[in-house]
Amino acid sequence: MVNEAIAMLADYAEHAGLIAAYERTWAINTILDVLKLDSYTEPEHTWDPAGIELAPVLEELLDDAHARGVLAENSVVYRDLFDTEIMGRLTPRPAQVIEMFQTLCARDPKAATDWYYTFSQDTNYIRRDRIARDMQWKAPTEYGDLDITINLSKPEKDPKAIAAARDLPASNYPRCQLCAENEGYAGRVNHPARQNHRVVPITINGSPWFLQYSPYVYYNEHCICFNQIHTPMKIDRACFGKLLDFVRQFPHYFVGSNADLPIVGGSILAHDHFQGGRYTFAMETAPVETSFTFPGFEDVEAGIVKWPMSVIRISSEDPDRLIALADKILGKWRAYTDEAAVILAETDGVPHNTITPIARRRGEKFELDLVLRNNLTTEQYPLGLYHPHDELHHIKKENIGLIEVMGLAVLPARLKEELAAVADGLVHGRDLRADERTAKHTGWAEAFAPNYTITAENALEIVQKETGLVFAQVLEHAGVYKRTAEGKEAFLRFLNTI
């Protein structure tokens, strides 16, 4: 059986273009090396290479390695380290990948990203089988159809791996999970293996950066471009220039940056990076509800977007005009205080105001959405005044980063079971407080349930729909200006200072 799995893996690699036909013997021998096997018999081929599913083949090889003691621990962390080593042996060298990408990109940037995205899946860097497990649905709201996903593709560490990681000596290599030094890295129990990972160099706004895809793919072609240098996130004029230069080179992608302050920023503030891809979020389709003209920039279309957060959209065929205006808006916002609206630029010298910017092309025009952010904390809201408040934590407690800002809720894995239990409890009239899975959802469920005739057939759909409405509230909490007459007046008060 193991010989058959080895042969299927070699056939898979050849069909996917990872190896050439004349490299097959070498490929089998390098797989044998990882598996600590010293013999092989070619089996009868009874399969179509085009129909080979990678995950079951790797599972069989891992099971065999564990049975023979080659894979000492059989948990997901150790299995991931081991199968990544196997795939790393079959992944083309960086120079080959870069040459292919650059050759395609010179002719058609879309062809280059199409190839690179497929390649990143074929090497198992993006694990197709795990991404398929994620729960995804759209929830209609007054702001458009928001995207909801319950992330099930990130493996949870087992107790043995956690204990082993605790005993490891401190390491700062790679410095973070974005650094280029991850390419080809064997990994350890507290850092993922990346032997099958390849990055491609790009130049944006005259600076050396790299492009890769997220291994977790929260949306189609979820890419990450990151600074060649491990340097902190910074929203400034140069940032706007880089974002707009990226969409100039890759007009079929959007790109955005997390904010550069804690609470309102992303999970990795220490390494300057953007996230982009080929996907239309609800924010992109949201209309401008109040047009606005900035003095000195009459040639730039601008306005407030109908969105739960506070968004200024500016648009022009000239990206330099957008850079200049965005820089002016940022400078004003950094220093802006409006105590009546509970917006403080700083407290005790600690800055609070920043922007989450998103760039895209719309026909011949360049477009920037500038989302105003503030990370002020108070005694009542220690996690952030403009952050999901306690009553919404049963659905979303984590920071609102770039992806959420655009209208995609990345929810924790616990909600798969919890929401199903809420739906089942409503169908059968159970006391939700009596079940630890549903207790925290009781108030919310009891509030919306009377509005529906709930049956076994529609219960989960209703719960998912209501989850989307909660996410809209989450975004409203993160908005610095509330969607009220007073909030709009305060928003315009700021715009009139620019």
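Look a little higher up for the structure.
Model, not experiment: these values are computed from the prediction.

Engineer: How do you make sense of the overall build of the protein when you look at a structure like this?
Structural biologist: Each helix and strand counted, the protein has 16 helices and 15 strands in total. Relative to a compact globule of 498 residues, whose C-alpha radius of gyration would be 23 Å, the protein shows 25 Å and is just as compact. Expressed along its principal axes, the backbone C-alpha trace of the protein runs to roughly 75 × 60 × 45 Å. In the protein, which comprises 498 residues, the proportion classed as buried is 53%. Restricting to contacts in the protein with at least 6 residues of sequence separation, those with at least 24 account for 65%. Of the roughly 21,800 Å² of accessible surface on the protein, 50% is carried by carbon and sulfur atoms. Charged side chains of the protein number 50 positive and 71 negative; the gap between the two group centres comes to 3 Å.

Engineer: So what exactly am I meant to see when it comes to the packing of helix 3 (residues 54-67) against helix 4 (residues 76-90) here?
Structural biologist: Helix-helix packing is characterised by the crossing angle of the two axes and by the distance between the axes. Following both chains from N to C, one finds helix 3 and helix 4 inclined at 115 degrees, their axes separated by 10 Å at the closest point. Classed by the angle they form, the pair helix 3 and helix 4 counts as roughly perpendicular. Two packed elements cross with a definite hand, and for helix 3 against helix 4 that hand is right-handed. Facing L54, L58, E59, L62, D63 and A65 of helix 3, the residues of helix 4 in contact are R79, F82, D83, I86 and M87. For the contact of helix 3 with helix 4, the residue count by class is seven nonpolar, no polar and four charged.

Engineer: What exactly am I supposed to notice about the state of the cysteines here?
Structural biologist: A covalent bond bridging the sulfur atoms of two cysteines is what the word disulfide describes. Evaluated as defined, the whole model comprises zero disulfides. C105 takes part in no disulfide bond, and the closest cysteine sulfur, belonging to C223, lies 12 Å away. Judged by its relative accessible area of 22%, C105 falls in the partly exposed class. With no disulfide partner, C179 has as its closest neighbouring cysteine sulfur the one in C176, 3.7 Å distant. Judged by relative accessible area, which is 4%, C179 ranks as buried.

Engineer: I keep staring at the pairing of strand 14 (residues 365-374) and nothing clicks. Help me out?
Structural biologist: Two faces, one strand: in a regular strand the side chains alternate between the faces of the sheet. In terms of burial, strand 14 is a largely internal element, nine of the ten residues being buried. Strand direction decides the pairing type here: strand 10 (residues 311-316) and strand 14, joined by six bridges, are antiparallel. What sits directly across from R313, in strand 14, is D369. Relative to strand 14, strand 13 (residues 353-362) is paired through ten bridges, and the arrangement is antiparallel.

Engineer: Can you walk me through the sheet that holds strand 1 (residues 135-141) in this structure?
Structural biologist: Consider a sheet: its strands pair through backbone hydrogen bonds, and that pairing is either parallel or antiparallel. If you walk across this open sheet you meet the three strands as 1-2-15, and the pairing is mixed. Both outer strands of the open sheet, strand 1 and strand 15 (408-411), are each paired with one neighbouring strand and no more. Neighbour-to-neighbour, the strand axes of this sheet turn through a mean angle of 20 degrees, independent of strand direction. Against the sheet, helix 13 (residues 414-428) touches strand 1, strand 2 (144-150) and strand 15, its axis set at about 110 degrees to strand 2.

Engineer: For this particular structure, what's the right way to read the packing of aromatic side chains?
Structural biologist: When we look at a pair of aromatic rings, we describe it by the centre distance and by the angle of the planes. With the rule as written, the count across this model stands at 23 aromatic pairs. Note on Y219 and F254: the rings are 5.7 Å apart at their centroids and 40 degrees apart in plane angle, and the pair reads as tilted. With Y219 in the loop between strand 4 (207-213) and strand 5 (223-227) and F254 in strand 6 (residues 254-256), this pair connects stretches of sequence that are 35 residues apart. The pair Y219 / F254 is uniform in exposure class, with both members buried. On the basis of an interplanar angle of 15 degrees and a centroid distance of 4.9 Å, the ring pair of Y481 and F491 is categorised as stacked. Here F491 lies in helix 16 (residues 485-495) and Y481 lies in the loop between helix 15 (459-478) and helix 16, a separation of ten residues in the sequence. The exposure classification of Y481 matches that of F491, with both residues buried. These aromatic residues form a ring-pair network of at least three members: F101, W115, Y116, Y117, F119 and Y213.

Engineer: Whenever I open this one, the pairing of strand 7 (residues 273-277) confuses me. Can you help?
Structural biologist: Most of strand 7 is tucked away, with five of its five residues classed as buried. Bridge count for strand 5 against strand 7 is four bridges, and the pairing is antiparallel. Residue pairing for strand 7: C223 is matched across the bridge by G276. In this structure, strand 6 lies alongside strand 7, joined through three bridges in antiparallel fashion. When the bridges of strand 7 are listed, V255 appears paired with G276.

The rules behind each value
Residues numbered from 1 in each chain as written. Predicted model: local features only at pLDDT ≥ 70, side-chain atom pairs only at ≥ 80, totals over all residues. Heavy atoms only, no water. Helix = DSSP H or I, 4+ residues; strand = E, 2+ residues; numbered from the N terminus. Rg over C-alpha atoms; globule rule 2.2 N^0.38 Å. Buried < 20%, exposed > 50% of the residue type's maximum accessible area, 1.4 Å probe, protein only. Contact = heavy atoms within 4.5 Å. Areas by Shrake-Rupley, 256 points an atom, 1.4 Å probe, with all protein chains shown as cover. Lys, Arg positive; Asp, Glu negative; His and termini not counted. Charge placed at Lys NZ, Arg CZ, Asp CG, Glu CD. Axes fitted to C-alpha atoms, helices over the stretch in contact; angles between N-to-C directions. Parallel < 35°, antiparallel > 145°, perpendicular 65-115°, else oblique. Left-handed = near helix turned anticlockwise from the far one by under 90°. Nonpolar A, V, L, I, M, F, W, Y, C, P; charged D, E, K, R; others polar. Disulfide = S-S within 2.5 Å. Pairing = 2+ DSSP bridges. Phe/Tyr/Trp six-rings, centres within 6.5 Å; stacked < 30°, edge-to-face > 60°.

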